[in-house]
Each structure stands twice: as C-alpha cells, then as structure tokens.
Amino acid sequence: MSAGQARIVVLDDSERALRRLADWRGIDARAQVTIHHEPLSGQALVEALKDADAIVLMRDRTPFTAELLAQLPKLRYLVFTGTRNAKLDLAALAARHIPVSCTEFGPSKDGTCELTWTLILAATKQLASHAARLQAGQWRSDTAAPLPGTLVGQRLGLIGLGEIGGRVARVGKAFGMDVVTWSPRMTAERAAAQGVAFLPLEELLATSRVVSLHLVVVAATRHLMNAQRLGLMQPGSLLVNTSRSELIDTPALVQALKNGRPGLAALDVFDVEPLPLADPLRELPNVLLTPHLGFVTEPVFQRFASGVTECLQAWLADAPLVRVIAPAA
C-alpha cells in the first residue's frame, strides 16, 4: 500500500465529534480524509465511497451491504464505531479479503439507562409542555387536563432485563415502583435474581403504568409491539423505546396512540433517521421524541474517536491491525 495516497472516507459523523475528540494529524499527513456529516444513500453514497481505500462507519447508521461493496473495487479496510453492527455484511467483506475493525464503546449502557429515565420522568411530569408554556410567558395550564403523575407505587414493566434493562430496573426500585419483566428467554428465577418479578407479556402490558423496551431485534422480537399488544396497554400508560425502532410496528403505534392505548409514548429510535419532517409521529400530541440520544454522550464519542484513529494509524503504518473482528478470509 502506498500510504501517502490512501483515501479514507468517514460516514455519518453527524455530531462532528471524531475530529474534535482525537488527533488526526498523523493520519492527515499520510492520507486524504473526507468526513461526511449528513446521511448519504443511493448513488450519492456510491459516489462518496467509490475511490475509498478505507471506510469508517458511525455505528450502523448506513447499512453496508454486499451490493454496495460490489461497487467499491478499491476498498481494503473498514472500521466501525462501537462493538456491534447488525447492518454490516461481514461475509461479503470476508469474501473480498477485507479486514474489519471496531472501536470500544464506552459507557453507552449507562447513557441509555439515563436517557430512558429522562424520558419516563419528562413524560410523567409533562415537562415539555409546561416548559414551553413558561417560555411563552404563561404559568401552569388553566384547562381541565390531567395533572402530572407520580411513579411511586406504580408498575414498571421491562421488556428485556439485560445490561440496560437491569440498570433501569434498579432505578425503578429506587423510585418505589413495582418492577416486573418479560423477555423471550426470561424465567422467574432469572428475574428474581435481579429483584424483580416475571410476568407473561400480556399481563405485563395490561397492568404496567410504564412499559420500557430493552431487547435486541431478532425474528422473534421484530414488531413485538404490534396492534394487538399495543391495544392491551392501559389508557394512562406510557410506552418508552430507547432500544431499536423495529421492536414496534410504527404505523400500528400511531393508530394506537390516536386510540389512547397507550396514552403516551416516549421514543428515541425511529424506522428512518433522521426522522422525516412528514413523519406522522411528529403530529401526535401524546408523544415525546428525542433524536436518538441514548448512546450519544461525550465519553462514548471520545472512545469512538480515539478508537478510529488508533485503527487507521495501524493500518496506514502496515502494523498489526487493532480490534479486528473479521480478519481477511
């Protein structure tokens, strides 16, 4: 490899964090680096990548398929941020003998737990609407609308009790909530080991004031929250999703919110990101939306930035590659 002529393309750095949080001078001296901040797709994506020797992906924001790879004859190395990328065709990359590295993740699970509780509390306390009234020169609402609620004594239903769900459970118990859980492989014994109760999914949905999703997406969980299950939720309940949008049938959720079951939704993940201006979720009065902030924290992106530059520096120096997850076949 002629390192001085290497072309490196970075996708989806919408936070403009990678250069700010790491030293790129050594890489800039040996390669041409292009960083794209806005999402690319279709032919624009191919044009941006076609001459790349190395590509950096920001998590799985842009799917990297065999079809896309076939249009990138010069590609020799790929890096993605984080430790898992479900939209990366590793088999196609291996077939081309292209090694793949990843970075460490940082405290993303803590950040996602914190955002989950930010959404639960903000929705329960009607924070957005009350803050907007105060900014507009008003005080509290003078209508007969329901007042903010409390969480103590209410049931928190966690669909998934892994590393993030377990953290959310501990906070729920600290608030004095009755914490219950379900997942496809959950047992009463596993739930009890974390101090919560196991319930069948239908009972959890029908009896929980707050339902929060913390599962990975597989065939058995894709659109787990469909029209039938959404309809089981209480009129005053809150559905929270800081995990993956595919866990919910979004058109069914829009209709369910119009029907009042659940009464509220707080969402940080969406089928299309950034969320389109015309998306019907934006028009609903009983939703709280945040722009996929669960893992977006300074410590996490510090780890991403340092990991990316470490990987690229090793590749440019023909040194042993860093954090290789898919060696060339």
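(A) Inspection of the sheet that holds strand 11 (residues 264–267) at higher detail. Pairing in this open sheet of 7 strands is parallel, and the strands run 8-7-6-9-10-11-12 from one edge to the other. A single partner strand is all that each edge strand has here, and the edge strands are strand 8 (197–198) and strand 12 (287–289). In the sheet, strand 7 (residues 178–182) pairs with strand 8 via 2 bridges, with the strands oriented parallel. Note that in strand 8 the partner of Val180 across the bridge is Ala197.

(B) Fine view of empty space enclosed by the protein. Across all of its chains, the model carries 1 cavity of 30 Å³ or more by this definition. Estimates place the volume of the largest cavity at around 60 Å³. Taken together, Asn241, Ser245, Ile248, Thr250, Leu253, Leu267, Val269, Phe270, Asp271 and Leu281 make up the lining of the largest cavity. For the lining of the largest cavity, the per-class residue count stands at 6 nonpolar, 3 polar and 1 charged.

(C) Quick look at the layout of surface pockets. Approximately 1,100 Å³ is the volume attributed to the largest pocket. As for the largest pocket, its lining consists of 37 residues, of which Arg84, Leu215, Val216, Val217 and Ser243 are closest to the centre. Where the lining of the largest pocket is concerned, the elements lending two or more residues are helix 5 (108–124) and helix 7 (163–174). Across the lining of the largest pocket, the residue classes break down as 12 nonpolar, 14 polar and 11 charged.

About the criteria used
Residues numbered from 1 in each chain as written. Predicted model: local features only at pLDDT ≥ 70, side-chain atom pairs only at ≥ 80, totals over all residues. Heavy atoms only, no water. Pairing = 2+ DSSP bridges. Helix = DSSP H or I, 4+ residues; strand = E, 2+ residues; numbered from the N terminus. 1 Å grid on protein atoms, 1.4 Å probe; cavity = no way out; pocket = protein on both sides within 12 Å on 5 of 7 lines; lining within 4 Å. Points joined across faces, edges and corners; volume = space filled by probe spheres on them. Nonpolar A, V, L, I, M, F, W, Y, C, P; charged D, E, K, R; others polar.

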